[in-house]
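# Commentary on secondary and tertiary structure
Here are the chains, one letter per residue:
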Amino acid sequence: MNIYIGNLPFNLGEEDLREIFEEYGEVASAKIIMDKFTGRSKGFGFVEMEDDAEANKAIEELNNAEVAGRNIKVNESKPRENNNRGGGGGGGYNRGGGGGYGRRERY
């Protein structure tokens, strides 16, 4: 099972994350997501555990647990839905006829 962990302390390392979850069973992988420009933690990560029963126990006991002064959020990671939200769409900044500020009525 792939587990999402949010609100992680920014100084927590992947090995620390692995150790927290190893108390509940075997951890296949532990990954903290890093900002590609600064190299700093984004404050969330993922842990993969082979045994679903162990993973569920870890989720149950670690969700809202305090780690280094922060209450972490722990739940099963769901695959990203491909709902075509990437890029494009929206827009509309310079369309239409202006707003109300500074606009005069024409007679």
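Structure first, text after, so check above.
Fair warning: this is a prediction, and the values are worked out from it, not measured in the lab. (Residues numbered from 1 in each chain as written. Predicted model: local features only at pLDDT ≥ 70, side-chain atom pairs only at ≥ 80, totals over all residues. Heavy atoms only, no water.)

## Quick word on helix H2 (residues 52-62)
So the rule is basically this: Here the term buried applies to any residue with accessible area under 20% of the maximum for its type, exposed to any over 50%, and partly exposed to those in between, with areas from a 1.4 Å probe on protein chains only. Secondary structure elements are defined from DSSP: runs of H or I of at least 4 residues count as helices, runs of E of at least 2 residues count as strands, and each element is numbered from the N terminus. The directions from the helix axis to the C-beta atoms are what the arc is built from. It only takes one pair of heavy atoms within 4.5 Å for two residues to be counted as in contact. Whenever a nitrogen or oxygen atom comes within 3.5 Å of another N or O atom, the pair is scored as a polar contact, on the condition that within protein one atom can donate a hydrogen and the other can accept it, and that pairs from neighbouring residues in sequence are kept only if both atoms are in side chains.
For H2, the full list of buried residues reads Ala55, Ala58, Ile59 and Leu62. The buried residues of H2 occupy an angular sector of 100° when the element is viewed end-on, so they sit on one face. For H2, exposure combined with an orientation more than 90 degrees from the buried face picks out Ala53 and Glu60. Close packing links the buried residues of H2 with strand E1 (2-6), helix H1 (14-22), strand E3 (41-49) and strand E6 (73-76). Sitting at the amino-terminal end of H2 is aspartate 51, which places a side-chain oxygen 2.8 Å from the backbone nitrogen of alanine 53. A positive phi of about 70° marks asparagine 64, the residue just after H2.

## What about a negative patch on the surface?
Formally: Residues enter patches when their relative accessible area tops 30% and they take part in no salt bridge; the joining distance is 9 Å for like charges and 5 Å for the nonpolar side chains Val, Leu, Ile, Met, Phe, Trp and Tyr. Per-residue and other accessible areas follow the Shrake-Rupley method at a 1.4 Å probe size, with only the shown protein chains counted as cover for residues. We define a salt bridge as a side-chain nitrogen of Lys or Arg found within 4 Å of a carboxyl oxygen belonging to Asp or Glu. For the charge count, each Lys or Arg is scored as positive and each Asp or Glu as negative, with His and the chain ends excluded. A single reference atom marks each charge: NZ on Lys, CZ on Arg, CG on Asp, CD on Glu.
A cluster of like negative charges, contributed by Glu26, Glu48, Glu50, Asp51 and Asp52, occupies part of the molecular surface. Position of glutamate 48 among the secondary structure elements: in strand E3.

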